[in-house]
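Chain by chain, the residues:
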Amino acid sequence: MQALSVNDYLRQHIRTVPDWPSAGVQFRDITPLLQDPKVFRVLIDAFVHRYMDRGMRPDVVAGLDARGFILGAVVAYELNVGFVPIRKKGKLPFTTVEETYELEYGSATVELHTDAVRAGDRVLLIDDLIATGGTMMAGKKLLEKLGATVFEGAAIVDLPELGGSARLRAGGLPLYTLVDFAGH
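Residues numbered from 1 in each chain as written. Predicted model: local features only at pLDDT ≥ 70, side-chain atom pairs only at ≥ 80, totals over all residues. Heavy atoms only, no water.

J.: Account for the UniProt feature "domain: Phosphoribosyltransferase" (unreviewed entry) in the protein chain, naming residues and giving values.
T.: Here the UniProt-annotated "domain: Phosphoribosyltransferase" (unreviewed entry) positions come out as residues 33-160. From the first C-alpha to the last, residues 33-160 spans 21 Å; its make-up is 34% helix and 37% strand. (UniProt positions renumbered as here; feature names shortened; annotations may be inferred. Helix = DSSP H or I, 4+ residues; strand = E, 2+ residues; numbered from the N terminus.)

Spelled out as structure tokens, the structure:
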């Protein structure tokens, strides 16, 4: 029996839910990755080991609402750096900056506390999945408004056929993803 790569091991634990939330959509559900302690540890370690290296170490990890909070908080804890949440509009109690971005139908807005990062901070921006890239690009712009540098975006899953990863890279954001579902 051949040993699986970390990427293939994680891929085996991502559930595909057909026709959710609408007909024709193949929803990539990452919750099974979180439920099994061994799988969850392999997932987190895949990120932590990358960002432990001196040249890749962030000053802070920013997580996108909501599954980016799960990953980002644990990765930040393991790296011994701070964590900041980028929330959907209206969820943060203090002074915020906001960024609106386009969705397939309409738009959405995300916010960040004005004291979440300092000018010059190197930030790792993390989420569970890259689809169209709109949320991650809005998060990058928010962090940059406060003077931080987003040196990399990270996600478990890339759905390259939706164009988000290409758009993000074209917009100057290097990406690190663990599993892609090209052509699905």
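Having seen it, we continue.
J.: Run through the nonpolar core, naming residues and quoting values.
T.: Phe47, Val75 and Ile156 are the most contacted members of the largest nonpolar core, which has 29 residues in total. Of the residues forming this core, the biggest block, 7 residues, is contributed by helix 3 (residues 37-52). Discounting residues that sit within four places of it in the chain, Ile156 has contacts with Ile14, Ile30, Leu33, Leu43, Phe47, Leu71, Asp127, Asp128, Thr177, Leu178 and Val179. In terms of nonpolar packing, the next biggest core, distinct from the first, is built from 25 residues, Leu125, Ile130, Leu142 and Val150 among them. (Core = buried A, V, L, I, M, F, W, Y, C linked by side-chain atoms within 4.5 Å. Buried < 20%, exposed > 50% of the residue type's maximum accessible area, 1.4 Å probe, protein only. Contact = heavy atoms within 4.5 Å.)

J.: How would you sum up the packing of helix 3 against helix 4 (residues 67-79)? Please name residues and give values.
T.: Running from amino to carboxyl end, helix 3 crosses helix 4 at an angle of 55°, the nearest separation of the two axes being 10 Å. Relative to helix 4, the element helix 3 lies oblique. For the pair helix 3 and helix 4, the crossing hand works out as right-handed. Between helix 3, through Phe40, Leu43, Ile44, Phe47, Val48, Tyr51 and Met52, and helix 4, the contact on the second element is made entirely by Ile70, Leu71, Val74, Val75, Glu78 and Leu79. Per-class residue counts for the contact of helix 3 with helix 4 are 12 nonpolar, no polar and 1 charged. (Axes fitted to C-alpha atoms, helices over the stretch in contact; angles between N-to-C directions. Parallel < 35°, antiparallel > 145°, perpendicular 65-115°, else oblique. Left-handed = near helix turned anticlockwise from the far one by under 90°. Nonpolar A, V, L, I, M, F, W, Y, C, P; charged D, E, K, R; others polar.)

J.: Outline the side chain of Thr109, listing residues and values.
T.: Within the fold, Thr109 resides in strand 6 (residues 106-113). Polar side-chain contacts of Thr109 include one of 2.7 Å to the side chain of Thr100. Excluding residues within four positions of it along the chain, Thr109 makes contact with Arg87, Lys88, Lys89, Glu98, Glu99, Thr100 and Tyr101. (Polar contact = N/O pair within 3.5 Å; in protein donor to acceptor, adjacent residues only side chain to side chain.)

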